[in-house]
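Coordinate analysis (summary)
Here is what each chain is made of, one letter per residue.
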Amino acid sequence: MIWQQITEAELNSFWQGAEQTIQPVKQKIDNISHTNQAKVLRAFQNIGVSDFHFNGSTGYGYGDMGREVLESLFATVFGSESSLVRNQIVSGTHAISLCLFGNLKPGDELVSIGSPYDTLQQVIGISGSGEGSLLEWGITYKEIPFDCTGQIDLQKLSEAIGPHTKMVSIQRSRGYQDRPSLNISQMEKIIQHVKALNPDIICFVDNCYGEFVEDREPPEVGADLVAGSLIKNPGGGLAPAGGYIVGKKELVTKAAYRLTAPGIGPEVGASPMGYRLLFQGLFLAPHIVGEAIKGAVFTACLMEKLGFRVYPRYNQPRTDIIQAIEFGSPDLLVAFCQGLQSGSPVDSHVLPEPALLPGYTDKVIMAAGTFVQGASIELSADAPIRPPYTLFLQGGLTESYIKLGVAAAVKKLLTVAKERSS
Ligand SMILES: *Cc1c(COP(=O)(O)O)cnc(C)c1O
């Protein structure tokens, strides 16, 4: 079967075939969503959330009860001692940066499992100008590469860890890189290994895109400090902005000293707009993440049936919401993105084009018709324009909408392919 010549009837049969094929996988996703929903609900009940906790505060935000209750809720849900959940944390990168700058001092060494997310390379100082980076500040850095089987060589990790190693940083999601994601049990092994070498080393986890994909979170397997973005999974599509940090109290407090000031730390920070969307977003997050994964699994199955290489495959275990699809050609990749955008609820009339962005070496295309700017828990796709022309698709607030979006994308893809072959 050459997919370029597919008829509408054949596409329909692939579509139905994909829906059939993924049924058992969907059942497992529903089970995880249910477990996580129960965990979140129990936390709301045990903490005694009331509607007055949704009210905002002004000025310094001293004694802001909504903020305090929201933070104990996050700590409970993630199985950690303490948390910092703030609109003043502007992004995932900011939350991670607070953890690093708050807990590393000149002379300390940071060891990263695999190469970190693009924006963090600039925080560390291994790309960009280095200004304001950890390296400039006298914090040294080492990276343990994934081996050819996508594993971390624990022997190499042992050798890399030295007397100055203060923190080991683990990124759960592959992000937009050509490396595997690290699931919770792999993470557990790495953390146990590090702690056996030296229990004082801080095990930090970049949890972006991973929250609620499995039924355990990093603090439950020994992570000391964890950070992520509220416009990804744990905001449930409702959080308008913000980031979170969870972990040991002492380490979270040091991160808070960076967010505000030493001495003041987590005790201040007003939210004049109130907290309802953060509470409600967290409450919905297990379900929304389930919808996003069901959409990703469907897309993986359909695109594979059409002959594209996808990863993960529809039936492979997942620990994040990202779906990669290899297009092998720039025009097909662009067509899929443009079709996806045309199927969005917001900015459907806008035509995304590849463009150069600061910090990237190749042109990048992004499709995102989202309610919250840049929210990647909403259906969105990004790709650098370079071989093998891999698109990273993620999010979507309802499974039906993800399928409708993908239908629009596939339609545009077929139109462009037919034009090309005629
Ligand atoms: C998104 C992401 C980040 C950074 O998040 P921003 O909110 O875009 O700053 C860091 N690490 C990973 C793995 C991510 O997916």
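Here, every reference points to the structure presented above.
Residues numbered from 1 in each chain as written. Predicted model: local features only at pLDDT ≥ 70, side-chain atom pairs only at ≥ 80, totals over all residues. Heavy atoms only, no water.

**Some words on the overall build of the chain**
Within the chain one finds 11 helices and 12 strands. A compact globule built from 422 residues would reach a C-alpha radius of gyration of about 22 Å, and the chain, at 22 Å, matches this within 12%. Dimensions along the principal axes, computed over C-alpha positions, put the chain at roughly 70 × 50 × 40 Å. A sequence separation of at least 24 residues applies to 69% of the contacts in the chain between residues at least 6 apart. Only carbon and sulfur atoms are counted for the fraction: they give 54% of the accessible area of the chain, which is about 17900 Å². (Helix = DSSP H or I, 4+ residues; strand = E, 2+ residues; numbered from the N terminus. Rg over C-alpha atoms; globule rule 2.2 N^0.38 Å. Contact = heavy atoms within 4.5 Å. Areas by Shrake-Rupley, 256 points an atom, 1.4 Å probe, with all protein chains shown as cover.)

**Comments concerning the sheet that holds strand S8 (residues 309-311)**
One open sheet holds the five strands; their spatial order is S8-S9-S12-S11-S10, and the pairing between them is antiparallel. Both edges of this open sheet fall to S8 and strand S10 (364-368), since each of them pairs with a single strand only. Strand-to-strand twist in this sheet, taken as the mean axis angle between neighbours without regard to direction, amounts to 15°. In the sheet, strand S9 (residues 323-326) pairs with strand S12 (residues 390-394) via four bridges, with the strands oriented antiparallel. What sits directly across from Glu326, in S12, is Thr390. Each of S8, S9 and S12 touches helix H9 (residues 276-305); the most contacted strand, S9, lies at about 15° to it. Of the strands in this sheet, S9, S10, strand S11 (380-384) and S12 touch helix H10 (residues 330-342), which is tilted by about 25° from S10. (Pairing = 2+ DSSP bridges. Axes fitted to C-alpha atoms, helices over the stretch in contact; angles between N-to-C directions.)

**Quick look at helix H3 (residues 65-78)**
Under the 1.5 Å per step criterion, the end-to-end length of H3 is 20 Å for 14 residues, consistent within 8% with the ideal 20 Å. Within H3, 10 of the 14 residues are buried, leaving the element largely enclosed by the surrounding structure. Among the residues making up H3, those that are buried are Gly66, Arg67, Val69, Leu70, Glu71, Leu73, Phe74, Ala75, Val77 and Phe78. Between the side-chain oxygen at the start of H3 and the backbone nitrogen of Gly66 there is a gap of 3.1 Å, and the oxygen is on Asp64. Positive backbone phi, approximately 70°, marks Gly79, located one or two places after H3. (Expected span 1.5 Å × (residues − 1). Buried < 20%, exposed > 50% of the residue type's maximum accessible area, 1.4 Å probe, protein only. Polar contact = N/O pair within 3.5 Å; in protein donor to acceptor, adjacent residues only side chain to side chain.)

**Notes on the sheet that holds strand S3 (residues 140-144)**
Sheet strands line up and pair through hydrogen bonds in the backbone, either parallel or antiparallel. With mixed pairing, seven strands are arranged side by side in an open sheet as S1-S7-S6-S5-S4-S2-S3. Of all strands in the sheet, those bounded by a partner on one side alone are strand S1 (82-86) and S3. The average undirected angle you get between the axes of adjacent strands in this sheet is 15°. Across five bridges, the pairing between strand S6 (residues 225-229) and strand S7 (residues 243-247) is antiparallel. Bridge pairing links Ala227 to Ile245 in S7. Strands in contact with H3 are S1 and S7; relative to S1, the strand with the most contacts, it is inclined by about 125°.

**A closer look at the packing of H10 against helix H11 (residues 399-421)**
Close contact between H10 and H11 brings their axes to 7 Å; oriented N to C, the two are set at 140°. For the element pair H10 / H11, the angle class is oblique. The handedness of the crossing between H10 and H11 comes out as right-handed. Taking contact as the criterion, the partners of Asp331, Leu332, Ala335, Phe336, Gln338, Gly339, Leu340 and Ser342 in H10 are, on H11, Gly405, Val406, Ala408, Ala409, Val410, Lys412, Leu413, Val416, Ala417 and Arg420. (Parallel < 35°, antiparallel > 145°, perpendicular 65-115°, else oblique. Left-handed = near helix turned anticlockwise from the far one by under 90°.)

**A short note on the pattern of salt bridges**
A complete count under the given rule lists 19 salt bridges for this structure. In this structure, Asp224 and Lys248 form a salt bridge, with 2.5 Å as the shortest nitrogen-oxygen distance. Of the two residues, Asp224 is situated in the loop between strand S5 (202-206) and S6 and Lys248 in the loop between S7 and helix H8 (249-259); the sequence distance between them amounts to 24 residues. Classification of Lys248 by relative accessible area gives partly exposed; the value is 39%. One salt-bridge network, in which partners are shared between bridges, spans Glu19, Lys26, Glu399 and Lys403. (Salt bridge = Lys/Arg side-chain N within 4 Å of Asp/Glu carboxyl O.)

**Details of the site of the ligand**
Near the ligand, the surroundings consist of Ser91, Gly92, Thr93, Ile96, Tyr117, Gln171, Asp206, Cys208, Tyr209, Ser229 and Lys232. Within the side chain of Thr93, an N or O atom sits 2.5 Å from an oxygen atom of the ligand. The fraction of the free accessible surface of the ligand (380 Å²) that becomes covered by protein chains is 89%. When each cavity is represented as a set of grid points, the ligand is found to reside in the largest pocket. With three residues, the top contributor of residues to the shell around the ligand is helix H4 (residues 92-103). (Near = heavy atom within 4 Å. 1 Å grid on protein atoms, 1.4 Å probe; cavity = no way out; pocket = protein on both sides within 12 Å on 5 of 7 lines; lining within 4 Å. Sits in = over half its atoms within 2 Å of the grid points.)

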